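# Structural overview
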Amino acid sequence: MKKKIIYIVIILIVALLFSACMNNNDPQLPISSETAAETDTETSSESAEKSGEDDEKGFVFMYEGHEIYMGMPEEEIQQLDGYDLVSGNGIPEVIDNRYKFKGFFVDCSKWFLSNNAMVVSMIYFIDNSVETAEGIRLGDSLEKVRDTYKNDEVYYSSEHEIHYLRDNSILTFSFTDNKVTEILYELYEE
C-alpha cells in the first residue's frame, strides 16, 4: 500500500512539473506527424458543441451523474458522496486537498489560480472502474483514444503520451504497448 501511495505521489509530482514546463508556451513541443495528420481541421469548440458539452468547462468527467471539471469550486466536490479527504501529501504548496473516490483522485488547489480560490486542478484515474465522459478507460487501445478525440486539439504528443487541450483543461493519456496506462485531467492556464 505504501509503495502504491509513493508511486502515485511521484507520478503527480512529475505531472505537475510537466504541466509547469508546458505553461511556458514553448512552440517547439513535439507533435508527431502521425498524430498531427490524424487531427481534424475542426476546432475543439466545434467538437465540444457536437458532443453536447459546455465549451467553457473543457474536458468534463462524470461521476454519478455529476460533472467534475477543471476550475470547478472545491465546495462542489465536497457536496458529492463517496470520498475520503487526503490532505497535502508532502507538497502542500501545490496540492492543498486531495479527495479519493472509488477509482480516481481529485486534487483541489489554489496554486493554479491568481485569485487563490480553491478549485479542481487535477483528476487522476487509479483503476478501470471509471471512464472519461467520452468512454475511455485504463486498458483501452491507443487507436480507440485517437478515434475518440480526433476532433480535439493535440497539445503534445510523444511515443508514450498524448495530451489533448480543450479550453482550460488538458486530458493526458499515457500508453504502454498501445494500451492506456494513465489518464489525467489537468487545469490549464495560458
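In this report, the structure presented in the accompanying data block is examined. Given the structure is predicted, the values throughout are model-derived calculations rather than measurements. (Residues numbered from 1 in each chain as written. Predicted model: local features only at pLDDT ≥ 70, side-chain atom pairs only at ≥ 80, totals over all residues. Heavy atoms only, no water.)

In this section: the pairing of strand S5 (residues 104-109). Burial within S5 is extensive, with 6 of its 6 residues counted as buried. Here S5 shows no split at all, with Phe 104, Val 106 and Cys 108 on one side and Phe 105, Asp 107 and Ser 109 on the other all buried. Pairing of strand S4 (residues 97-101) with S5 involves 5 bridges; the strand directions are antiparallel. Looking at the pairing, Phe 101 lines up with Phe 104 of S5. What sits between the antiparallel neighbours S4 and S5 is a turn of 2 residues, in which Gly 103 has the positive phi angle 95°. Pairing analysis gives 6 bridges linking S5 to strand S6 (residues 119-125), with the strands arranged antiparallel. Each residue of the ladder has a partner; that of Cys 108, found in S6, is Val 120. (Buried < 20%, exposed > 50% of the residue type's maximum accessible area, 1.4 Å probe, protein only. Helix = DSSP H or I, 4+ residues; strand = E, 2+ residues; numbered from the N terminus. Pairing = 2+ DSSP bridges.)

Attention shifts here to the nonpolar core. In a soluble, globular protein the nonpolar side chains are often hidden away together inside. Of all hydrophobic cores here, the largest spans 36 residues; its most connected members are Ile 68, Ile 77, Phe 104, Val 106, Ile 123 and Phe 173. Apart from residues no more than four positions distant in its own chain, Ile 77 is found in contact with Ile 68, Met 72, Tyr 83, Tyr 99, Phe 101, Val 106, Cys 108 and Val 120. In terms of nonpolar packing, the next biggest core, distinct from the first, is built from 5 residues, Tyr 155, Leu 165, Ile 170 and Tyr 188 among them. (Core = buried A, V, L, I, M, F, W, Y, C linked by side-chain atoms within 4.5 Å. Contact = heavy atoms within 4.5 Å.)

Reading across from one edge, S3-S4-S5-S6-S10-S9-S8-S7 is the order of the 8 strands in this open sheet, with antiparallel pairing throughout. This sheet does not close on itself; its edge strands, each paired only once, are strand S3 (84-87) and strand S7 (153-157). In this sheet, neighbouring strand axes are inclined to one another by 20° on average, regardless of whether the strands run parallel or antiparallel. Bridge count between S7 and strand S8 (residues 161-166): 4 bridges; the pairing is antiparallel. Looking across to S8, one finds that Ser 157 is bridged to Ile 162. (Axes fitted to C-alpha atoms, helices over the stretch in contact; angles between N-to-C directions.)

All right, on to the environment of Val 60 then. Locating Val 60 in the fold gives a position in strand S1 (residues 60-63). Placed 106 residues apart in sequence, Val 60 and Arg 166 show a C-alpha to C-alpha distance of 9.9 Å. Leave out the neighbours within four places in its chain, and Val 60 touches Glu 67, Ile 68, Tyr 69, Ala 133 and Tyr 185.

With that settled, consider the environment of Val 130. Take Val 130: it is sitting in the loop between S6 and helix H5 (142-148). Remark: the alpha-carbon pair of Val 130 and Phe 61, spanning 69 residues in sequence, is separated by 9.4 Å. Every residue in contact with Val 130, bar those within four places of it in the chain, is listed here: Phe 61, Lys 102, Gly 103, Phe 104, Phe 125, Ile 136 and Arg 137.

Attention now moves to the side chain of Glu 182. Within the element layout of this structure, Glu 182 appears in strand S10 (residues 179-187). Summary of buried charges: Glu 182 has no salt-bridge partner, and the nearest side chain of opposite charge, Arg 98, is 11 Å away. A distance of 3.5 Å separates the side chain of Glu 182 from the side chain of Tyr 124, its partner in a polar contact. (Lys, Arg positive; Asp, Glu negative; His and termini not counted. Salt bridge = Lys/Arg side-chain N within 4 Å of Asp/Glu carboxyl O. Polar contact = N/O pair within 3.5 Å; in protein donor to acceptor, adjacent residues only side chain to side chain.)

Each aromatic ring pair is described using two quantities: the centre-to-centre distance and the angle formed by the ring planes. All chains considered together, the criterion is met by 14 aromatic pairs. Between Phe 59 and Tyr 149, the aromatic rings sit 6.0 Å apart at their centres with planes inclined by 70°, giving edge-to-face as the arrangement. Linking Phe 59 in the loop between helix H3 (44-51) and S1 with Tyr 149 in the loop between H5 and S7, this pair joins segments that are 90 residues apart in sequence. Comparing Phe 59 with Tyr 149, the two get one shared label, buried. Each ring, one from Phe 61 and one from Phe 104, has its centre 4.7 Å from the other, and the planes form 70°; the classification is edge-to-face. With a gap of 43 residues between them, Phe 61 in strand S1 and Phe 104 in strand S5 connect regions that are remote in the sequence. Judged by its relative accessible area of 0%, Phe 104 falls in the buried class. Taken together, the aromatic side chains of Phe 61, Tyr 63, Tyr 83, Tyr 99, Phe 101, Phe 104, Phe 125 and Tyr 185 make up a single cluster linked through ring pairs. (Phe/Tyr/Trp six-rings, centres within 6.5 Å; stacked < 30°, edge-to-face > 60°.)

Read these as geometric descriptors, not functional statements.
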